[in-house]
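In case you want the letters, here they are:
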Amino acid sequence: MPSPDTAPDPDLTTLRPRLPSPLRETSDERFTRRGLRLLLKRDDLIHPELIGNKWRKLAPNLAAAAGRTVLTFGGAYSNHLRATAAAGRLLGLPTVGVVRGQELADRPLNPSLARCVADGMRLHFIDRSTYRHKSEPRTLAAVLRAAGAQDAYVVPEGGSNALAVRGCGELGEELRGKADVVAVACGTGGTLAGLAAGLGPGQRALGMPVLKGGFLGDDIRDLQAETFGGPRGEWRLDERFHFGGYARTTPELDAFAQDFEERHDVRVERLYVAKLLYGLVALAEEGAFPRGTVIAAVVTGAPFPG
(Lines give C-alpha, C1' and ligand atoms only; values in the text may rest on other atoms or scores of the structure.)
Protein backbone atom coordinates (compact mmCIF):
# COMPACT_ATOMS: atom_id res chain seq x y z
CA MET A 1 0.00 0.00 0.00
CA PRO A 2 1.18 3.60 -0.56
CA SER A 3 2.78 5.33 2.40
CA PRO A 4 1.03 8.38 3.89
CA ASP A 5 3.38 10.57 1.83
CA THR A 6 2.51 8.96 -1.49
CA ALA A 7 -0.54 8.25 -3.59
CA PRO A 8 -1.05 6.29 -6.80
CA ASP A 9 0.49 7.96 -9.83
CA PRO A 10 -1.98 10.65 -10.92
CA ASP A 11 -3.99 10.13 -14.10
CA LEU A 12 -4.42 13.69 -15.36
CA THR A 13 -6.76 12.58 -18.16
CA THR A 14 -9.46 12.00 -15.54
CA LEU A 15 -9.63 15.78 -15.09
CA ARG A 16 -10.74 16.26 -18.71
CA PRO A 17 -8.97 19.52 -19.52
CA ARG A 18 -10.35 21.59 -22.39
CA LEU A 19 -7.38 21.76 -24.72
CA PRO A 20 -6.66 23.61 -26.84
CA SER A 21 -8.42 26.39 -24.98
CA PRO A 22 -10.85 28.56 -26.98
CA LEU A 23 -9.60 31.56 -28.97
CA ARG A 24 -12.33 34.14 -29.43
CA GLU A 25 -12.32 37.46 -31.25
CA THR A 26 -13.65 40.37 -29.22
CA SER A 27 -14.97 43.51 -30.87
CA ASP A 28 -13.79 46.48 -28.82
CA GLU A 29 -13.87 49.95 -30.34
CA ARG A 30 -10.76 50.98 -28.43
CA PHE A 31 -8.91 48.58 -30.72
CA THR A 32 -11.03 48.51 -33.88
CA ARG A 33 -10.90 52.28 -34.40
CA ARG A 34 -7.12 51.95 -34.58
CA GLY A 35 -7.26 49.10 -37.06
CA LEU A 36 -6.41 46.46 -34.46
CA ARG A 37 -8.02 43.10 -33.72
CA LEU A 38 -8.27 41.75 -30.18
CA LEU A 39 -8.50 38.02 -29.50
CA LEU A 40 -8.99 36.46 -26.08
CA LYS A 41 -7.20 33.16 -25.47
CA ARG A 42 -9.55 31.67 -22.88
CA ASP A 43 -7.17 29.61 -20.79
CA ASP A 44 -9.56 30.30 -17.90
CA LEU A 45 -11.82 27.68 -19.50
CA ILE A 46 -9.30 24.82 -19.47
CA HIS A 47 -10.61 23.42 -16.18
CA PRO A 48 -12.97 24.88 -13.57
CA GLU A 49 -10.42 24.54 -10.74
CA LEU A 50 -7.00 24.20 -12.43
CA ILE A 51 -7.34 27.35 -14.45
CA GLY A 52 -5.21 28.73 -17.23
CA ASN A 53 -1.47 28.78 -16.81
CA LYS A 54 -1.93 26.88 -13.53
CA TRP A 55 -2.96 23.83 -15.54
CA ARG A 56 -0.14 24.26 -18.03
CA LYS A 57 2.46 24.62 -15.26
CA LEU A 58 1.13 22.11 -12.77
CA ALA A 59 0.17 19.22 -15.03
CA PRO A 60 3.74 18.21 -15.98
CA ASN A 61 4.91 18.68 -12.38
CA LEU A 62 2.07 16.57 -10.99
CA ALA A 63 3.00 13.81 -13.40
CA ALA A 64 6.65 14.07 -12.33
CA ALA A 65 5.68 13.88 -8.66
CA ALA A 66 4.54 10.31 -9.34
CA GLY A 67 2.29 10.16 -6.30
CA ARG A 68 4.62 11.83 -3.82
CA THR A 69 3.57 14.68 -1.58
CA VAL A 70 3.75 17.94 -3.52
CA LEU A 71 5.21 20.89 -1.60
CA THR A 72 5.16 24.38 -2.99
CA PHE A 73 5.39 28.04 -1.99
CA GLY A 74 3.29 31.16 -2.12
CA GLY A 75 1.96 34.25 -0.42
CA ALA A 76 -1.28 34.61 1.47
CA TYR A 77 -3.29 35.22 -1.72
CA SER A 78 -1.43 32.86 -4.03
CA ASN A 79 -3.44 31.52 -6.97
CA HIS A 80 -0.74 28.88 -7.32
CA LEU A 81 -1.26 27.56 -3.80
CA ARG A 82 -5.00 27.29 -4.39
CA ALA A 83 -4.52 25.49 -7.69
CA THR A 84 -2.04 23.04 -6.15
CA ALA A 85 -4.41 22.32 -3.28
CA ALA A 86 -7.28 21.75 -5.70
CA ALA A 87 -5.13 19.40 -7.77
CA GLY A 88 -4.27 17.45 -4.65
CA ARG A 89 -7.93 17.01 -3.79
CA LEU A 90 -8.93 16.05 -7.32
CA LEU A 91 -6.08 13.56 -7.77
CA GLY A 92 -5.75 12.26 -4.23
CA LEU A 93 -2.27 13.73 -3.76
CA PRO A 94 -0.98 15.04 -0.41
CA THR A 95 0.01 18.71 -0.65
CA VAL A 96 1.92 21.12 1.57
CA GLY A 97 1.88 24.88 1.09
CA VAL A 98 4.76 26.91 2.51
CA VAL A 99 3.33 30.37 3.13
CA ARG A 100 5.34 33.60 3.28
CA GLY A 101 4.83 35.33 6.63
CA GLN A 102 5.24 33.61 9.99
CA GLU A 103 2.97 36.25 11.52
CA LEU A 104 0.03 34.79 9.57
CA ALA A 105 0.18 31.54 11.53
CA ASP A 106 -1.67 33.07 14.50
CA ARG A 107 -4.29 34.92 12.46
CA PRO A 108 -7.57 33.69 11.01
CA LEU A 109 -7.07 32.30 7.52
CA ASN A 110 -8.09 34.56 4.66
CA PRO A 111 -10.54 33.07 2.11
CA SER A 112 -7.72 32.03 -0.23
CA LEU A 113 -5.78 30.07 2.40
CA ALA A 114 -9.01 28.70 3.86
CA ARG A 115 -9.80 27.24 0.45
CA CYS A 116 -6.37 25.58 0.42
CA VAL A 117 -7.05 23.95 3.77
CA ALA A 118 -10.54 22.88 2.71
CA ASP A 119 -8.93 21.15 -0.27
CA GLY A 120 -6.64 19.19 2.04
CA MET A 121 -3.45 21.25 1.84
CA ARG A 122 -1.33 21.37 4.98
CA LEU A 123 -0.01 24.90 5.51
CA HIS A 124 3.44 25.67 6.93
CA PHE A 125 4.23 29.34 7.65
CA ILE A 126 7.79 30.70 7.55
CA ASP A 127 9.28 34.12 8.21
CA ARG A 128 9.87 36.44 5.30
CA SER A 129 13.66 36.37 5.55
CA THR A 130 13.74 32.58 5.28
CA TYR A 131 11.24 32.76 2.43
CA ARG A 132 13.54 35.03 0.42
CA HIS A 133 16.25 32.36 0.60
CA LYS A 134 13.98 29.37 0.03
CA SER A 135 15.68 28.32 -3.22
CA GLU A 136 19.09 27.96 -1.54
CA PRO A 137 19.76 24.25 -0.88
CA ARG A 138 20.53 24.58 2.82
CA THR A 139 17.49 26.77 3.50
CA LEU A 140 15.22 24.56 1.42
CA ALA A 141 16.39 21.45 3.28
CA ALA A 142 15.66 23.16 6.61
CA VAL A 143 12.19 24.19 5.44
CA LEU A 144 11.41 20.65 4.29
CA ARG A 145 12.52 19.25 7.65
CA ALA A 146 10.49 21.78 9.59
CA ALA A 147 7.44 20.99 7.44
CA GLY A 148 7.93 17.25 7.92
CA ALA A 149 8.15 16.81 4.15
CA GLN A 150 11.74 15.77 3.45
CA ASP A 151 10.67 13.38 0.69
CA ALA A 152 8.22 15.74 -1.01
CA TYR A 153 8.34 16.72 -4.67
CA VAL A 154 9.12 20.45 -4.61
CA VAL A 155 7.46 22.86 -7.03
CA PRO A 156 8.85 26.41 -6.91
CA GLU A 157 6.83 29.53 -6.19
CA GLY A 158 4.38 30.21 -8.98
CA GLY A 159 5.10 26.76 -10.41
CA SER A 160 7.84 28.09 -12.68
CA ASN A 161 10.50 25.50 -13.49
CA ALA A 162 11.70 23.79 -16.66
CA LEU A 163 8.75 21.39 -16.74
CA ALA A 164 6.33 24.28 -16.37
CA VAL A 165 8.06 26.29 -19.09
CA ARG A 166 7.71 23.38 -21.50
CA GLY A 167 4.08 23.05 -20.50
CA CYS A 168 3.51 26.72 -21.32
CA GLY A 169 5.28 26.17 -24.64
CA GLU A 170 2.12 24.36 -25.69
CA LEU A 171 0.24 27.64 -25.22
CA GLY A 172 2.51 29.26 -27.77
CA GLU A 173 2.07 26.32 -30.13
CA GLU A 174 -1.72 26.66 -29.93
CA LEU A 175 -1.36 30.30 -31.00
CA ARG A 176 1.04 29.80 -33.92
CA GLY A 177 -0.14 31.79 -36.90
CA LYS A 178 -3.14 33.18 -34.99
CA ALA A 179 -1.81 36.57 -33.82
CA ASP A 180 1.07 38.98 -34.32
CA VAL A 181 1.42 39.82 -30.62
CA VAL A 182 0.51 37.49 -27.76
CA ALA A 183 0.26 39.25 -24.42
CA VAL A 184 0.20 37.75 -20.93
CA ALA A 185 0.37 39.01 -17.36
CA CYS A 186 3.49 37.78 -15.54
CA GLY A 187 4.21 36.79 -11.96
CA THR A 188 7.26 34.54 -11.88
CA GLY A 189 7.87 34.52 -15.65
CA GLY A 190 7.41 30.84 -16.46
CA THR A 191 4.37 31.36 -18.66
CA LEU A 192 6.07 34.01 -20.79
CA ALA A 193 9.28 31.97 -21.05
CA GLY A 194 7.36 29.01 -22.47
CA LEU A 195 4.88 31.04 -24.51
CA ALA A 196 7.62 32.88 -26.38
CA ALA A 197 9.39 29.61 -27.13
CA GLY A 198 6.25 28.04 -28.56
CA LEU A 199 5.27 30.86 -30.92
CA GLY A 200 6.13 30.75 -34.60
CA PRO A 201 8.32 33.00 -36.78
CA GLY A 202 7.17 36.62 -36.93
CA GLN A 203 5.18 36.39 -33.71
CA ARG A 204 6.23 38.10 -30.51
CA ALA A 205 5.24 37.77 -26.89
CA LEU A 206 4.52 40.72 -24.62
CA GLY A 207 4.66 40.29 -20.85
CA MET A 208 3.15 42.66 -18.29
CA PRO A 209 4.59 42.02 -14.80
CA VAL A 210 2.19 42.33 -11.88
CA LEU A 211 5.05 42.83 -9.40
CA LYS A 212 7.39 45.77 -9.01
CA GLY A 213 11.14 45.41 -9.07
CA GLY A 214 12.44 45.11 -12.62
CA PHE A 215 13.92 41.65 -11.97
CA LEU A 216 11.67 39.56 -14.17
CA GLY A 217 13.66 39.85 -17.39
CA ASP A 218 16.64 38.10 -15.83
CA ASP A 219 14.37 35.42 -14.36
CA ILE A 220 12.83 34.69 -17.76
CA ARG A 221 16.23 34.44 -19.40
CA ASP A 222 17.35 32.07 -16.63
CA LEU A 223 14.24 29.91 -17.08
CA GLN A 224 14.80 29.67 -20.84
CA ALA A 225 18.45 28.81 -20.31
CA GLU A 226 17.50 26.09 -17.82
CA THR A 227 14.81 24.69 -20.11
CA PHE A 228 16.21 25.10 -23.60
CA GLY A 229 19.89 25.88 -23.07
CA GLY A 230 19.48 29.47 -24.24
CA PRO A 231 17.02 32.14 -25.41
CA ARG A 232 13.94 31.18 -27.42
CA GLY A 233 11.45 33.36 -29.24
CA GLU A 234 10.93 37.09 -29.33
CA TRP A 235 9.57 38.70 -26.18
CA ARG A 236 9.63 41.91 -24.19
CA LEU A 237 8.21 43.29 -20.95
CA ASP A 238 6.22 46.43 -20.21
CA GLU A 239 6.53 47.05 -16.48
CA ARG A 240 4.20 50.04 -16.16
CA PHE A 241 0.97 48.27 -15.28
CA HIS A 242 1.54 46.56 -11.93
CA PHE A 243 -0.73 49.04 -10.08
CA GLY A 244 1.47 49.05 -6.99
CA GLY A 245 2.53 45.42 -6.96
CA TYR A 246 1.18 41.93 -6.48
CA ALA A 247 -2.29 41.57 -4.97
CA ARG A 248 -2.80 45.34 -5.27
CA THR A 249 -5.48 47.08 -7.25
CA THR A 250 -6.84 50.60 -7.46
CA PRO A 251 -10.34 52.04 -7.96
CA GLU A 252 -9.28 52.92 -11.51
CA LEU A 253 -8.35 49.31 -12.26
CA ASP A 254 -11.53 47.97 -10.66
CA ALA A 255 -13.64 50.37 -12.73
CA PHE A 256 -11.80 49.32 -15.89
CA ALA A 257 -12.33 45.63 -15.16
CA GLN A 258 -16.02 46.10 -14.42
CA ASP A 259 -16.45 48.05 -17.67
CA PHE A 260 -14.67 45.31 -19.65
CA GLU A 261 -16.93 42.69 -18.07
CA GLU A 262 -20.01 44.65 -19.06
CA ARG A 263 -18.77 45.23 -22.60
CA HIS A 264 -17.79 41.65 -23.32
CA ASP A 265 -19.56 39.38 -20.82
CA VAL A 266 -16.21 38.03 -19.58
CA ARG A 267 -15.41 37.80 -15.87
CA VAL A 268 -12.09 39.61 -15.31
CA GLU A 269 -9.66 38.41 -12.65
CA ARG A 270 -8.20 41.51 -10.97
CA LEU A 271 -4.63 40.63 -9.92
CA TYR A 272 -3.37 39.52 -13.34
CA VAL A 273 -5.89 39.69 -16.17
CA ALA A 274 -7.27 43.17 -15.45
CA LYS A 275 -3.74 44.60 -15.45
CA LEU A 276 -3.01 42.90 -18.76
CA LEU A 277 -6.14 44.19 -20.46
CA TYR A 278 -5.67 47.69 -19.03
CA GLY A 279 -2.12 47.71 -20.36
CA LEU A 280 -3.21 46.61 -23.82
CA VAL A 281 -5.81 49.37 -24.02
CA ALA A 282 -3.21 51.91 -22.91
CA LEU A 283 -0.71 50.67 -25.50
CA ALA A 284 -3.36 50.83 -28.22
CA GLU A 285 -4.12 54.43 -27.27
CA GLU A 286 -0.40 55.23 -27.39
CA GLY A 287 -0.20 53.90 -30.95
CA ALA A 288 2.20 51.13 -29.91
CA PHE A 289 0.73 48.67 -32.44
CA PRO A 290 0.70 49.30 -36.21
CA ARG A 291 -2.67 49.17 -37.97
CA GLY A 292 -3.53 45.63 -38.93
CA THR A 293 -1.93 44.08 -35.83
CA VAL A 294 -3.73 41.09 -34.37
CA ILE A 295 -3.33 40.94 -30.57
CA ALA A 296 -4.11 37.86 -28.50
CA ALA A 297 -4.55 38.41 -24.77
CA VAL A 298 -4.15 35.29 -22.63
CA VAL A 299 -6.86 35.08 -19.97
CA THR A 300 -4.92 33.12 -17.38
CA GLY A 301 -7.42 33.05 -14.55
CA ALA A 302 -10.89 33.78 -13.23
CA PRO A 303 -11.97 35.87 -10.23
CA PHE A 304 -11.79 34.20 -6.81
CA PRO A 305 -13.94 32.64 -5.57
CA GLY A 306 -14.42 30.97 -8.93
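Below, the structure is looked at part by part. (Residues numbered from 1 in each chain as written. Predicted model: local features only at pLDDT ≥ 70, side-chain atom pairs only at ≥ 80, totals over all residues. Heavy atoms only, no water.)

With that settled, consider helix H8 (residues 190-198). In terms of burial, H8 is a largely internal element, eight of the nine residues being buried. Along H8, the residues classified as buried are Gly190, Thr191, Leu192, Ala193, Gly194, Leu195, Ala196 and Gly198. (Buried < 20%, exposed > 50% of the residue type's maximum accessible area, 1.4 Å probe, protein only. Helix = DSSP H or I, 4+ residues; strand = E, 2+ residues; numbered from the N terminus.)

It is worth spelling out the nonpolar core at this point. Grouped together as the largest cluster of nonpolar side chains are 33 residues, with contacts concentrated most on Phe31, Leu38, Leu40, Leu206, Leu277, Leu280 and Phe289. Among the elements that line this core, the one with the most residues is helix H11 (residues 273-286), at nine residues. Once residues within four sequence positions are removed from consideration, Leu280 is found in contact with Phe31, Leu38, Ala183, Leu206, Met208, Phe289, Ile295 and Ala297. (Core = buried A, V, L, I, M, F, W, Y, C linked by side-chain atoms within 4.5 Å. Contact = heavy atoms within 4.5 Å.)

The next point concerns the pattern of salt bridges. Under the definition given, this model contains 21 salt bridges. The salt bridge involving Arg30 is made with Asp259; its shortest N-O contact spans 3.8 Å. On the criterion of sequence distance, the pair formed by Arg30 in helix H1 (residues 29-32) and Asp259 in helix H10 (residues 251-264) is long-range, its members being 229 residues apart. Since its relative accessible area comes to 27%, Asp259 is described here as partly exposed. One salt bridge connects Asp119 with Arg89, and the closest N-O pair in it is separated by 2.6 Å. With Asp119 in the loop between helix H4 (111-118) and strand E5 (122-126) and Arg89 in helix H3 (residues 79-91), this residue pair connects regions lying 30 residues apart in the sequence. (Salt bridge = Lys/Arg side-chain N within 4 Å of Asp/Glu carboxyl O.)

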